[in-house]
Amino acid sequence: MADITKSNEFLKGFHDERDRIKSQLNTSNSPSAKELQSIGGAIAQLSSSLQASVSFLTSYDQRLCDQDLKTLQEELEKRRQLLPKSRFAFKKKAAASGDPQPSPSPKPDSPNLTTPAENAPAESSADIRTSNVLIDKQSKCFISSGTLALPSTASDITISNLDHCVVELKSAAVRPTALYIRSLRHTVVIAGMVNGSVRIEDCQGCVFVTGSHQFRVEHCQTCDVYCYVSSIPVIEDSKGMRFAPYPEEIPSNLSDPIKPSQHHLVKDFSWIRTTPSPNWVTLPEEERANWKNSLEQLKAVADIGSGASTLVDTIKELFPITDVKIGP
């Protein structure tokens, strides 16, 4: 009876706040970046309250609330798309003293690791929508915070449409406010800590290293996740997911008192039975990556400017899950 009372009280408050946020989104046809940032914070707080209440909510109520959050987030993203855009590109190294020398033409199978692959645009770029960053459409390259002109203020980062890439953002001077990842194949993302939420969609054969307050996976297959998450992580319409704690070898900057990580308490919204979900497991210790060695090898490959085939081989060697054959 107590749980029913708590559930009813929570749902009333949740629905009131949901309606308030909807009203904010619909009040102005052209909200400012500051207004959208405030709305995004309200959605994040509502998500946190839901995560903290799953112990007494039914699976049905959880799914309805989660769908409400998803709808709010999608509407927020639509509004963000209407904000003015500016652009920046990869930083370029300064030319050596003396007359500039033409760069040798790369072999077809060995593009420079910090530039786009042959079938990508001539200059890799990232879009900023106010404080939003987009890393998009790359293949067989190494992308790091040192090669990106990231903004000096906290930003939302979207990583999308990458194939056989390594993305290293753990050295960024400012933590992202949120991280959105979608449509990645055979890619390693070392994102470090995120102030807000992480959302991963439509990824296959990938490895993720990140930490956040909320963590959600949808429509993913055969991926390893090394994470710290202070609330219960959620997966949906996914399979072959393996979770492990955030690696000690990768700086987290978690100096403040924190809750224990909930990475081992994954909630599968696609599995309504009382038995454990078959769609995720805890990654066995003997199969976890040796991150000290892995980071050193990846850095060495990037520093010497090896070809794309070398990068792909290194990813497969260090992270065998990226080489798993995935069916339709």
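Every chain is numbered independently, its residues counted from 1 as its sequence is written. Only residues with pLDDT of at least 70 get local features here, since the model is predicted, and only at 80 or more are side-chain atom pairs given and counted; chain-wide, interface and lining totals rely on the full set of residues. The basis for every side-chain value is the complete set of non-hydrogen atoms in the structure, without hydrogens or water.

Q: Can you help me understand the overall build of the protein in this one?
A: Looking only at helices and strands, the protein features five helices and 16 strands. Considering the protein as a whole, with its 328 residues, one finds that 48% of them fall into the buried category. Whether two residues are in contact is decided by their heavy atoms, any of which lying within 4.5 Å being enough. Long-range pairs, those at least 24 residues apart, make up 52% of the contacts in the protein between residues at least 6 apart in sequence. Per-residue accessibility takes into account occlusion by the displayed protein chains alone, with areas from the Shrake-Rupley method and a 1.4 Å probe. Here the protein has roughly 17100 Å² of accessible surface; of this, 52% comes from carbon and sulfur atoms. For helices the rule is a DSSP run of H or I covering at least 4 residues; for strands it is a run of E covering at least 2, with both sets numbered from the N terminus onward. Think of it in three bands: residues with accessible area under 20% of the maximum for their type are buried, residues over 50% are exposed, and the middle band is partly exposed, with areas taken using a 1.4 Å probe on protein chains only.

Q: I keep staring at the pattern of salt bridges and nothing clicks. Help me out?
A: Opposite charge on two side chains permits them to pair, given that their charged atoms come into close proximity. Counted as salt bridges are all cases of a side-chain nitrogen of Lys or Arg within 4 Å of a carboxyl oxygen of Asp or Glu. With the rule as written, the count across this model stands at 17 salt bridges. Notably, a salt bridge pairs Asp202 with Arg185, separated by 3.2 Å at the nearest N-O pair. Here the residue Asp202 occupies a position in the loop between β9 (197–201) and β10 (207–212), and Arg185 occupies one in strand β7 (residues 178–185), the gap between them amounting to 17 residues. Given a relative accessible area of 24%, Arg185 falls into the partly exposed group.

Q: How do you make sense of unusual backbone geometry when you look at a structure like this?
A: Outside of glycine, negative phi angles account for most residues, and trans bonds account for most peptide bonds. Not every positive phi belongs to a glycine, and His164 is a case in point at roughly 50°. Following the sequence through the fold, His164 ends up in the loop between β5 (156–163) and β6 (166–168). Using a relative accessible area of 14% as the deciding quantity, one classes His164 as buried.

Q: What am I meant to see in the packing of aromatic side chains here?
A: Each aromatic ring pair is described using two quantities: the centre-to-centre distance and the angle formed by the ring planes. Centres within 6.5 Å make a pair out of two Phe, Tyr or Trp rings, where for Trp the six-membered ring is used; the pair is then stacked when the planes are under 30 degrees apart, edge-to-face when over 60, and tilted otherwise. Within this structure, the stated rule accounts for six aromatic pairs. A ring pair is formed by Tyr226 and Trp291, whose centres lie 5.2 Å apart and whose planes are at 90°; its orientation type is edge-to-face. Of this pair, Tyr226 sits in strand β12 (residues 221–229) while Trp291 sits in helix α4 (residues 291–303), and the two are 65 residues apart along the sequence. Among the aromatic residues, ring-to-ring pairing joins Phe10, Phe14 and Phe56 into one connected group.

Q: Would you explain empty space enclosed by the protein in this entry?
A: Taking a probe equal in size to a water molecule and rolling it over the atoms shows the remaining empty space. Every definition here rests on a 1 Å grid over the protein atoms only: cavities are sets of points where a 1.4 Å probe fits but cannot get out, pockets are open sets enclosed by protein on both sides within 12 Å along at least five of seven lines, and lining residues have some atom within 4 Å of a point. Grid points are joined across faces, edges and corners, and a volume is the space filled by probe spheres set on the points. Per the counting criterion, the structure on display carries three cavities of 30 Å³ or more. Taken as a whole, the largest cavity encloses approximately 50 Å³ of empty space. Taken together, Ser59, Gln62, Arg63, Lys267, Asp268, Phe269, Trp271 and Ile272 form the lining of the largest cavity. Mapped onto the lining of the largest cavity, the elements with two or more residues apiece are α3 (59–81) and β15 (267–268). Element by element, the count of residues in the lining of the largest cavity is highest for α3, at three residues.

Note that every value here comes from positions in space, so none of it alone points to a role or purpose.
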